[in-house]
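Take a look at the letters that make up each chain.
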Amino acid sequence: MPDGALPVLNVRDLKTVFQTRGGEVHAVNDVSFSLKPGELLGVVGESGSGKSVTMMSLLGLLPSPPADVRGGTVMFDGKDLLCVTQEELRSVRGGKIGFVFQDPMTSLNPVYQVGFQIMEPLRKHMGMTKRQATARAQELLELVGIPDAKRRLNDYPHQFSGGMRQRVMIAIALACDPQVLIADEPTTALDVTIQAQILELMKELRDKLGMAVIWITHDLGVIAGIADRVMVMYGGQVVEHAPVKELFNDPQHPYTRALLKTIPKIHGGRAARLTIIEGQPPMMTGAPTACPFRDRCDVAFDRCAAENPPRYDLGEGHDAACFFDARTGGPRDA
Amino acid sequence: MLDATKKPLVSVKDLKMHFPIYAGLLRRRVGEVKAVDGVSFDVFEGETLGLVGESGCGKSTCGRAVLRLYDITSGAISIDGREIGATPQTALREMRPTMQMVFQDPQASLNPRMTVENIIKEPLDEHTKLSDAEKREKVGELMDAVGLNRKFAKRYPHAFSGGQRQRIGIARALALNPKFIVCDEPIAALDVSIQAQVVNLLEDLQEQFGLTYLFISHDLSMVRHIATRVAVMYLGKIVELAPRDGLYADPLHPYTKALLSAVPEPDPSLARSTQRIILKGDVPSPSNPPEGCNFCTRCPSVMDICKRVEPEYREVHPGRFTACHLYNDTIDTAGSTAGHEAEGHTQ
Ligand SMILES: Nc1ncnc2c1ncn2[C@@H]1O[C@H](COP(=O)(O)OP(=O)(O)OP(=O)(O)O)[C@@H](O)[C@H]1O
Ligand SMILES: Nc1ncnc2c1ncn2[C@@H]1O[C@H](COP(=O)(O)OP(=O)(O)O)[C@@H](O)[C@H]1O
Ligand code: SF4
Ligand code: SF4
Ligand SMILES: [Mg+2]
Ligand SMILES: [Mg+2]
């Protein structure tokens, strides 16, 4: 990893397996990445590629069984989060690491008022009085653009629209001025004008607080606008990783290249039909012994079925897990 | 093509859906949320009407109200020649196979105790006389169609990622070959490559069976791809409705202009250099909309009249509807055959 500044979060070889009745599902395979203070890492990848499970694993949020975090290290604040006590982990979660997840498990509780749910971490992690927490909660709701903030503190989640609920969740994640914010598709259901506001807000908070952000999204437009670096996941693995301009201008992995072709545009010509990536996502049963993308890859060759490609360093902070060298048009290590 | 033979499959007139607000110890009614506040539009047979707008503006409520998943406050809804605005829920049952919905939140619409196979099969059990083998085959085809591996049939929803769950919901909605489908953010939870597959699939099915869609989405690039015409909502009202090409090339309403300028470009250099109209302020509360034009608190072109008089929603060019005082001088062309905007007709 070509990292200058000391990373605030450093994940090495993370491995998570689910035990299911149909056998093991290898959801995360040796995932490594790091995050510098103030940096925004975008994570993209197909549904089921392991983005959420990666983040849930490192926060210890997966129930075990069925989940089994089998290996790796997650260094944060001088400690390996995979080795600390449940109690220590709880104080990190929602405190120094804020998160917004698409998973309902960690979303709003329907039986409590929204205000109460925003105030809870403030009282728990920051030791605020009720009055201070109420004021801060209102401020946070205003920050994420909820009209009538004061009155809405007393509302229940069902009284908010889907997009508003997501904004409330962002408010909760930001409550304790986290060092790292992990956001899993937080603007997916939002309208673009609000998304544009939230992305502005994110950049602002990052500059102001030096907060590092992991932003999971399927929207390559969002990634293009805010990410410093991008990590592309496929089949539980990191298949490509590069500074944002590099990734868009010079994608090296066949999956990334295909992905960039599937997005419709707001300007210019309108394709009669969208390009799709043929085939289906891998089953991920058993540890990988071959390239997970080989069934859908248009440049696959024999070696791809025999070995799982490692992440090849391509220089300038760019790496790709592929045996095919898109620059030479031939196999690597040949 | 919007030619004379096009007839509306769905026709909505002045639809209102207001939710009561209760407060205090006695839970007294203290006001109402005007989630949908007087919208009118047609959806032509075989077309896709895109419905876009800001979070909380009432898109989902509108879609659900049109399918009568609510008892509406007022207005008329006709689907396939039947007026259903005031039809009691029990009498709507026989209409249900005709009109289906794909939901925004896949979690809420999938029973956690049923296998994927049974979830998709349920509408077939309820509304068809297919044999077990036929049903199983149909379920398999639907799973193929939405990009789910058939081997997942016996798994439960919790074992799927968000995107995979949404595909289950789509397969289920498609099971009865409905005529009209309200798709509420159907692809929001899917990654782009699967979005493309699903959108292509929706288009194929539309062509094959002459399906009609109301496609609710916040993804304006995708709406540009899939929609025949597009309606833009703001705070419970439609502010602009136009054929797709006209809307994207030349938006009329100031809100539509801001909306289009906020779309993220999948190009890092462009994304960082483009001058955006970032709207100031908040969306007003739908329980307390501003006087005059609903957009007057955020509109970059606001005028005095906007704060007093609500602009009329009308056809300002053939096929192009908007509600904005900037177009008060535009001759009402409804019914006339103005030549220079003929393009609006052919889209
Ligand atoms: N059952 C309800 N009771 C009270 N208010 C409601 C109810 N359902 C929706 N609302 C309110 O109606 C308005 C419109 O909600 P709706 O869910 O239609 O928004 P939306 O456009 O779909 O937004 P999003 O895309 O964020 O989900 C919001 O202000 C919401 O808080
Ligand atoms: N509780 C579970 N039991 C079994 N498999 C699971 C479970 N949760 C997730 N998976 C599997 O793990 C993989 C990764 O899922 P996830 O990380 O949620 O995808 P995404 O990238 O969309 O967030 C998928 O194949 C999914 O089916
Ligand atoms: S390793 Fe082989 S199959 Fe995998 S992406 Fe590269 S060329 Fe394609
Ligand atoms: S009526 Fe006035 S406030 Fe409303 S959109 Fe038009 S110019 Fe803006
Ligand atoms: Mg996910
Ligand atoms: Mg909605």
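Because the structure is a prediction, the values reported are computed rather than measured.

Caption draft 1: Looking closely at the sheet that holds strand β5 (residues 79-80) of chain A. All names here are of chain A. One open sheet accounts for four strands, arranged β2-β1-β4-β5; its pairing is antiparallel. Every interior strand has two partners, whereas the edge strands, β2 (23-35) and β5, have only one. Here strand β4 (residues 67-76) runs beside β5; their pairing, made up of two bridges, is antiparallel. Across the sheet, M75 pairs through a bridge with D80, a residue of β5.

Caption draft 2: Representation of the packing of aromatic side chains. Applying the stated criterion across every chain yields a total of eleven aromatic pairs over all chains. Centre to centre, the rings of Y312(A) and F323(A) are 6.4 Å apart; their planes meet at 70°, and the pair counts as edge-to-face. With Y312(A) in strand β11 (residues 312-313) and F323(A) in the loop between β12 (319-320) and β13 (324-325), the pair connects residues that are eleven residues apart, well separated along the chain. For the residue pair Y312(A) and F323(A), the accessibility class agrees, reading buried in each case. Ring geometry for F152(B) against F160(B): centres 5.5 Å apart, planes inclined by 70°, an arrangement best described as edge-to-face. On the basis of relative accessibility, which here comes to 7%, the residue F152(B) falls in the buried class. The buried category is assigned to F160(B), whose relative accessible area is 4%. Cluster of aromatic residues (ring-pair linked, three or more members): Y234(A), Y255(A) and F293(A). The residue whose ring lies beneath R152(A) is F160(A), and the NZ or CZ to ring-centre distance is 4.2 Å.

Caption draft 3: Molecular detail of unusual backbone geometry. The peptide bond linking S64(A) to P65(A) adopts the cis configuration, its omega dihedral lying at -5°. Take P65(A): it is sitting in the loop between α1 (51-58) and β4. With a phi angle near 60°, D77(A) is a residue other than glycine that sits in the positive phi range. Turning to its location among the elements, D77(A) is positioned in the loop between β4 and β5. Non-glycine residue R68(B) carries a positive phi angle of around 60°. Position of R68(B) relative to the elements: it lies in the loop between α1 (59-66) and β4 (74-79).

Caption draft 4: Main features of the sheet that holds β12(A). Residue and element names in this part refer to chain A. Spatially, β6-β7-β8-β3-β9-β10-β12-β11 is the arrangement adopted by the eight strands of the open sheet, whose pairing is mixed. Each of the sheet's edge strands pairs with one partner strand only, and the pair in question is β6 (97-100) and β11. Both strand β3 (residues 40-45) and strand β9 (residues 229-234) contribute to a ladder of five bridges, which runs parallel. Bridging from a neighbouring strand, V43 pairs with M231 of β9. Packing against the sheet, helix α10 (residues 254-261) makes contact with β3, β9 and β10 (237-243), and its axis sits at approximately 105° to β9.

Caption draft 5: Geometry of the pattern of salt bridges. Residue and element names in this part refer to chain B. The tally for this structure, following the rule as stated, stands at 35 salt bridges over all chains. One salt bridge connects K121 with D125, and the closest N-O pair in it is separated by 3.5 Å. Here K121 and its partner D125 are both found in helix α4 (residues 116-127), four residues apart, which amounts to about one turn of the helix. Given a relative accessible area of 38%, D125 falls into the partly exposed group.

Caption draft 6: Just α1(B), in detail. Residues and elements named next belong to chain B. Counting buried residues in α1 gives six out of eight residues, a clear majority hidden from the surface. Listed in full, the buried residues belonging to α1 are K59, T61, C62, G63, A65 and V66. In the stretch just after α1, R68 is the one whose phi turns positive, near 60°.

Caption draft 7: Inspection of the confidence of the model for chain B at higher detail. Residues and elements named next belong to chain B. Residues with a pLDDT of 70 or more make up 89% of chain B, whose mean pLDDT is 86. The secondary-structure element of chain B with the lowest mean pLDDT is helix α12 (residues 343-346), recorded at 39, while strand β10 (residues 237-243) shows the highest, at 98. Between residues 335-347, whose pLDDT stays under 50, and residues either more than four places distant or in other chains, the model counts 16 contacts. Scored as a complex, the prediction yields pTM 0.72 and ipTM 0.72.

Cut-offs applied
- Residues numbered from 1 in each chain as written.
- Chains lettered and ligands numbered in written order.
- Predicted model: local features only at pLDDT ≥ 70, side-chain atom pairs only at ≥ 80, totals over all residues.
- Heavy atoms only, no water.
- Pairing = 2+ DSSP bridges.
- Helix = DSSP H or I, 4+ residues; strand = E, 2+ residues; numbered from the N terminus.
- Phe/Tyr/Trp six-rings, centres within 6.5 Å; stacked < 30°, edge-to-face > 60°.
- Buried < 20%, exposed > 50% of the residue type's maximum accessible area, 1.4 Å probe, protein only.
- Lys NZ or Arg CZ within 6 Å of the ring centre and 35° of its normal.
- Contact = heavy atoms within 4.5 Å.
- Axes fitted to C-alpha atoms, helices over the stretch in contact; angles between N-to-C directions.
- Salt bridge = Lys/Arg side-chain N within 4 Å of Asp/Glu carboxyl O.
- pLDDT = per-residue confidence, 0-100.

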